[in-house]
Every structure is written in structure tokens, then in C-alpha cells.
Amino acid sequence: MLQLISILGLLRRAGSTAWPSLRTALLRFAGYLVPIAQTAVTAGAAWWVSVEVAGHEQPLLAPLAAVVCLSVARGARSRRAGELIAGVTIGTIVSDVVVRYIGNGPWQICLVVAVAMSLAVLLDGGSVIVLQSGSSAALVAAMASATAAHPFDRVVDALIGGALSLVALSVLPTDPVRRTRRCAAAVLDSVSAALRQTSKGLAAGDVSALEDALALARSTQSMIDSMRVELRSGSEVARISPIHWRGRRRIGRLASIADPIDNAARNTRVLVRRALIATYDGERVDPQLADAVSELAHLADRMRLMILATTPAKKPNEIQISDELERFARSLPQQEISAGFSAAVVSAQVRSIVIDFFEVCGIPRAVCRPMLPRPAQYAGAA
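Residues numbered from 1 in each chain as written. Predicted model: local features only at pLDDT ≥ 70, side-chain atom pairs only at ≥ 80, totals over all residues. Heavy atoms only, no water.

Engineer: I tried to follow the overall build of the protein chain on my own but got confused; where do I start?
Structural biologist: The helix and strand inventory of the protein chain stands at 14 helices and zero strands. Counting from the amino terminus, the protein chain carries its helices and strands in the arrangement α-α-α-α-α-α-α-α-α-α-α-α-α-α. In the protein chain, the share of contacts with a sequence separation of at least 24, taken over all contacts with a separation of at least 6, comes to 79%. (Helix = DSSP H or I, 4+ residues; strand = E, 2+ residues; numbered from the N terminus. Contact = heavy atoms within 4.5 Å.)

Below is the structure:
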């Protein structure tokens, strides 16, 4: 019987640990569905244009150029397209010249790759242009005996792929505001779940629950990274795509709250870790502090809804959340002097997260700090 209980406990622990990773992976995949479809269609279109319009028999570089320009590692794609085309051009010209006059073989491939990458470094030094120069040179040299295309056909193929990727980016882009908003909301959703689980663990003195909360808190880092990538990509789309020019102001607003959201997630990780240590060490935690963490989780949920709102008129908005934060801040309990170090840090971190949330609502730190009753022995921690 004891063995069965132990096995069930291990299975529960494994499930609670694996779920945050699986949930993060599913959210990440859902975010990439449209870019993957966009890249696949553009690659096929590049091949078709090169074959049917340009009359090339094996336009290998056309779909390759489209895939690199619209790669799933999004961000700064217009620059990547320019670097790609330049890299393909350098690699193709160097390889064609060497193969035409020296032939192809192992040492010729070494030569063309070295020369092409060296020229790319001297001209620009960007990672895409250097990589693409070397890979294009190696590909052209290796395929030289199998293809009889005119030397400039390969350059034309790369131009076709790059041009179609820019068309897809500017004419049929994904909504930059919606994607960025969802990424930011996903961070706050995980922050809320971690805080809620922490509150339960603190109230019950449950180490296992707090370990689960720490796993949830740590899962926010990949979401923060995705949010940063989406911000860069969204800013570019809103700048070059006419149908999304009106989204530039909203992207700017989302960019202004990225750091406070990041800080809130980081402070949550510290809070959960210290709550776990306090429980391990048997420190006495004021029940009001556990209630405050629970209320903070509720406020994180409210902020998630605020970010997902498509217009400022929808509820909840920044004014409502700011009022709720102010009422919460003024009602926070004072941490007793006799509290242990980790419990005091949890109290201080609650105050830090409140300030982060105020900044998400556009309230400067200097304005919201006086609203917080600071812990006596950590007066400057908030």
C-alpha cells in the first residue's frame, strides 16, 4: 500500500512538472502556425514563379531564399531578406567563377566557401549574409555538374524568393498587435497561476504545492522571450505593411509595458522561491500575506484581460486596474519584525510586483511607491 502511494505521488509530481513545459510548447506552436503556413506557401510560390515565369528548370535557391527570409525565428525580416540576397549573390558569383575556371571537387568547395564567407565578412559581417554566402557557394559548387543553368539564373532565383517573402510580409502579414498582445497575456497568465499556487502552498504549509508553483514561475522565461521576439517583428510589420500602419501606436504601447511585465515575472520567481524556502525552514508566515498573494494573482488575471482588450473602451482598462491596485496596495499588511528573512522577502516581493503592475498601467514608480506600506525592516525593498 505504501509503495502504491509512493508511486502515485511520483506520478503526480511528474505530471505537475511536465504540464508547464507541455503547456508552454503548445502555446509556442499555436503562435507559429500562421508563420509556418505563410512560409510554406511563399516557398511554393517562389518555385512556381522561377519555373513558370523565369523558365528555370531547377530553381533550388528560390524556395530556400523564401524560407530563410520568412524563417520561423522572426524579427528584423526586411534586413534578413537584404542580407540573404547579398549572401546568395556573393556565394553564387564566387562559386561560378571558381567552378568555371578550376572545376569542382573537395578542395574547390573549400576554396569557394572560404572566399565567399571572407568577402561577406569584409562587406557586412552580419550572421545571415556570412552564413548564406558560404552555404550558397557550397551548394552551387556541389551542384555545378548536375545543373547547366546560366550563372545568373541562381541569383535571379534568390531575388525571386527574397522578393516574394517581402511581398508576403507586407501584404499578408500576421496581425502584429494581436500576436504581441497574446504573448504578453500568456506571461501574466503564468504569473497568476504561479501566485495562486503559492498562496495555497503558503496557507497550507505545503512544500509540494510550492514546488509546483516554482515550476510554473520558471516557465515564464520562454514566454517572455517570445514576447520580445514578437515585439521586434510586430514593430517591423507595422512599419512596412500599409494595412497595419494604424497598429504602430498600439505596438508602441505594448513595447512600453514589456519591461514591467518582465520585471513582474522575475519578481514572481523570487517570491515563489522565498516562499518555498520559508516553508522548508518552518518560518511563521502571516496568513494575511498568503491572502495578499492570492489577491495579487487575481489582479494579474485582471491585467491579462486588460491587455487582451481590443480597444481602450473595453473593460477592464488601465484606470480600473490602477484603482484596484491602489486599494490593494493601501490594504497590504505590515510584515512583523519577528518574521523570518524569507517571509520578509516574500512580503517585499509582493510590493515589488504591485509596483510592476502599476507601471504596466502607465503609472510611474515615483507616483505609486508612496501608496505602499513598506515592511519595517526592509523599508527600501519595494
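Engineer: Sorry if this is basic, but what is going on with helix α13 (residues 341-360) here?
Structural biologist: Note that an α-helix has 3.6 residues per turn; residues three or four places apart therefore point the same way. Between its terminal C-alpha atoms α13 stretches 29 Å, which fits the 28 Å expected from 20 residues at 1.5 Å a residue. Burial within α13 is extensive, with 18 of its 20 residues counted as buried. G362, located one to two residues past α13, shows a positive phi value of around 90°. (Expected span 1.5 Å × (residues − 1). Buried < 20%, exposed > 50% of the residue type's maximum accessible area, 1.4 Å probe, protein only.)

Engineer: Got a minute to help me understand helix α11 (residues 287-308) in this structure?
Structural biologist: Spanning 22 residues, α11 covers 32 Å between terminal C-alpha atoms, matching the ideal 32 Å at 1.5 Å per step. Three or more residues of α11 are buried, namely L289, A290, A292, V293, L296, A297, L299, A300, D301, M303, M306 and I307.

Engineer: Just checking my understanding: could you explain the nonpolar core for this structure?
Structural biologist: In globular proteins that are soluble, nonpolar side chains generally tend to be buried together. With 61 residues, the main nonpolar core has L296 and F357 as its most contacted residues. At the level of secondary structure, the elements contributing two or more residues to this core comprise α7 (176-204), α8 (207-218), α9 (220-240), α10 (248-280), α11, α12 (318-330) and α13. Considering every element that reaches this core, the biggest residue donor is α10, with 12 residues. Not counting residues within four places of it along the chain, the set of residues in contact with L296 comprises L195, F328, V350, I353, V354 and F357. (Core = buried A, V, L, I, M, F, W, Y, C linked by side-chain atoms within 4.5 Å.)

Engineer: In this structure, what is going on with the environment of N267? I would like to understand it.
Structural biologist: Topologically, N267 is positioned in helix α10. Excluding residues that lie within four positions of it along the chain, N267 makes contacts with Q349, S352, I353 and D356.

Engineer: Would you take a moment to explain a nonpolar patch on the surface for this structure?
Structural biologist: The grouping of I93, V97, Y101, I102, W107, L111, V115, L119, L122 and L123 at the surface amounts to a nonpolar patch, some 1,000 Å² of accessible area in total. For the nonpolar patch, the secondary structure elements donating two or more residues are α3 (77-102) and α4 (106-123). Per-element tally for the nonpolar patch: the top contributor is α4, with six residues. Following the sequence through the fold, L119 ends up in helix α4. (Patch = residues over 30% accessible without salt bridge, like charges linked within 9 Å, V, L, I, M, F, W, Y side chains within 5 Å. Areas by Shrake-Rupley, 256 points an atom, 1.4 Å probe, with all protein chains shown as cover. Salt bridge = Lys/Arg side-chain N within 4 Å of Asp/Glu carboxyl O.)

Engineer: Looking at this structure, I do not really get the confidence of the model for the protein chain. What am I missing?
Structural biologist: In low-pLDDT segments, the atomic positions of the prediction should not be examined closely. On average, residues of the protein chain score 78 in pLDDT, and 75% of them reach the 70 mark or higher. Across residues 377-382, confidence stays below pLDDT 50; counting only partners more than four residues off in sequence or on other chains, it has 16 contacts. (pLDDT = per-residue confidence, 0-100.)

Engineer: How should I be thinking about the pattern of salt bridges in this particular structure?
Structural biologist: It is possible for side chains bearing opposite charge to pair when their charged atoms get close. According to the stated counting rule, one finds 11 salt bridges in the structure shown. For R196, the salt bridge is made with D301, and the minimal N-O distance between the two is 2.6 Å. Residue R196 is found in helix α7, and its partner D301 is found in helix α11; the two are separated by 105 residues along the sequence. Put simply, E318 and R253 hold a salt bridge, and the shortest N to O gap is 3.6 Å. With a gap of 65 residues between them, E318 in helix α12 and R253 in helix α10 connect regions that are remote in the sequence.

Engineer: Sorry if this is basic, but what is going on with the environment of L61 here?
Structural biologist: One can find L61 in helix α2 (residues 61-69). C-alpha separation for the pair L61 and S50, spaced 11 residues apart in sequence, amounts to 9.6 Å. Leave out the neighbours within four places in its chain, and L61 touches V88, T92, L139, R154, D157 and A158.

Engineer: Looking at this structure, how should I read the packing of α8 against α10?
Structural biologist: Packed helices, taken two at a time, are described by the angle between their axes plus the distance between the axes. For the pair α8 and α10, the least separation of the axes is 9 Å and the interaxial angle reads 165°. One finds that α8 runs roughly antiparallel with respect to α10. Handedness of the α8/α10 crossing: left-handed. For the pair α8 and α10, the contacting residues are V207, L210, E211, A213, L214, A217 and R218 in the first and T268, R269, V272, R273, A275, L276, T279 and Y280 in the second. Considered class by class, the residues forming the contact of α8 with α10 number nine nonpolar, two polar and four charged. (Axes fitted to C-alpha atoms, helices over the stretch in contact; angles between N-to-C directions. Parallel < 35°, antiparallel > 145°, perpendicular 65-115°, else oblique. Left-handed = near helix turned anticlockwise from the far one by under 90°. Nonpolar A, V, L, I, M, F, W, Y, C, P; charged D, E, K, R; others polar.)

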